[in-house]
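# Descriptive analysis of the structure
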Amino acid sequence: MSSTLTIAPAGTWNLDPVHSRVDFEVSYLAGTFKGHFNEIAAELTVEDERAALEGTTKVTSIDVNEENLSAHLQSPDFFDAEQYPELRFTAEDIRLDGDGQVSVDGDLTIKGITQPVTVTGTVTAPMSDPYGTERIGLNLTTKVDRTNFGINWNNPLPSGEPSLANDVTILAELQFVKQGES
Amino acid sequence: MTRILGISGSLRRDSHNTSLLRAAAEAAGPDIEFVLYDGLKQIPPYDEDDDVDPRPESVARLNEAIAAADAVFFSTPEYNSSIPGQLKNAIDWVSRPVATNALRNKPVAVVGASTGGFGAVWAQAELRKVLAAVGARVLDLELPVPHAHTRFEDGGLTDDEIRTRLEEAIEALADAARAREDQRAVV
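All of these numbers come straight from a predicted model, not from anything done at the bench.

Looking now at the interface of chain A and chain B. Contacts between chain A and chain B engage 10 residues on the former and nine residues on the latter. Here the residues of the side of chain A that touches chain B sort into three nonpolar, four polar and three charged.

And the structure:
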């Protein structure tokens, strides 16, 4: 189904990686464990009232403030960075549901496994930044079951319950700047 | 040529697990160089105070042997439902520094022999767990060799079924090592 409202004016929108983040959150032990990816790339293309998004993160850029934990997360126990160096999200048709709310049916690829996901979030109205470019902010979030992507590591608590939850929330706070006419 | 390092968890001269690795070396295809590690007994107890540069010579040798191999093939006996302390101790040495240790991402396979009826299955599971924690690429295979004393004669494997499964395990490990090389060539 095509959109009647597009999230941004037609054109190609490039990610401003310095002012963007991709984070993840998962329940672990007595709290919520959070981490993020430092190297992210994305492009938003708006054409004929269709907004398509493609984004990637480098698994080796995972940042959890601890070198040894970072190494564990990159190992075959988790993301297996050597075999699957990238996470990827693609969406063909980002819908504006009104009032800045967006929803997206997209495909998420983690550890070489692609699964459909529904992502929701918000988009700002286009604004002119001090550098003469048009800019929008797109905030997206989704919750996935990591075991659907072959990430099954756990460590049972003395009670027998798992210490790490399966549901992981992924949050992307992205700013895009409009590519100039070439 | 794929280079596989064989590590036996047993120190005994006539160890069934070491014999199993010798049989593995014989069973390996012509495109596999199977090297047996024989320095396990010389590894000192892990002590962070001794984990300095340069490391103890025996530890450095083990580290170099693993680093030089494309994959590692372990054969472990079972002591009290787990792996021998000396094998665990050696892996503990190799596991440091955690982020860059020589076993990280290395394809590994685990087999095991025991004189009992279960063929060291618990030890194999334990060893796979330890190797995964260290960051190795652990193959999802198991090869229990129960009643090991009835399957060797003068150190040679006499059981053809075990030999076939041994060949399959080595080939699976070599495949994983080759797949890793291919992947690294692409990236």
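Our focus in this paragraph is the environment of A:E161. Mapped onto the secondary structure, A:E161 falls in the loop between β12 (134–145) and β13 (164–178). Separated by 37 residues in sequence, A:E161 and A:T124 have C-alpha atoms that sit 42 Å apart.

Further remarks concern unusual backbone geometry. All names here are of chain B. Residue D53 is joined to P54 through a cis peptide bond whose omega torsion reads 0°. Within the secondary structure layout, P54 lies in the loop between β2 (32–36) and α2 (57–68). Cis geometry marks the peptide bond from R96 to P97; its omega dihedral reads -10°. Locating P97 in the fold gives a position in the loop between α3 (85–94) and β4 (107–113). For S81, which is not glycine, the phi dihedral falls at a positive 70°. Note on placement: S81 falls in the loop between β3 (71–76) and α3.

Quick look at α2(B) now. All names here are of chain B. Between its first and last C-alpha atoms α2 spans 16 Å; for 12 residues at 1.5 Å apiece the expected length is 16 Å, and the two agree. Taken residue by residue, α2 has V59, L62, A65 and I66 as its buried positions. Projection of α2 onto a plane perpendicular to its axis shows the buried side chains occupying an angular sector of 125°, all on one side. More than 90 degrees from the buried face of α2, the exposed residues found are E57, E64 and A68. Those residues of α2 hidden inside the fold are in contact with β1 (2–8), β3 and α3.

Analysis parameters
- Residues numbered from 1 in each chain as written.
- Chains lettered and ligands numbered in written order.
- Predicted model: local features only at pLDDT ≥ 70, side-chain atom pairs only at ≥ 80, totals over all residues.
- Contact = placed C-beta atoms within 7 Å.
- Nonpolar A, V, L, I, M, F, W, Y, C, P; charged D, E, K, R; others polar.
- Helix = DSSP H or I, 4+ residues; strand = E, 2+ residues; numbered from the N terminus.
- Expected span 1.5 Å × (residues − 1).
- Buried ≥ 20, exposed ≤ 12 C-beta atoms within 10 Å, placed from the backbone.
- Arc of directions from axis to C-beta.

That's the geometry; what it means functionally is another story.
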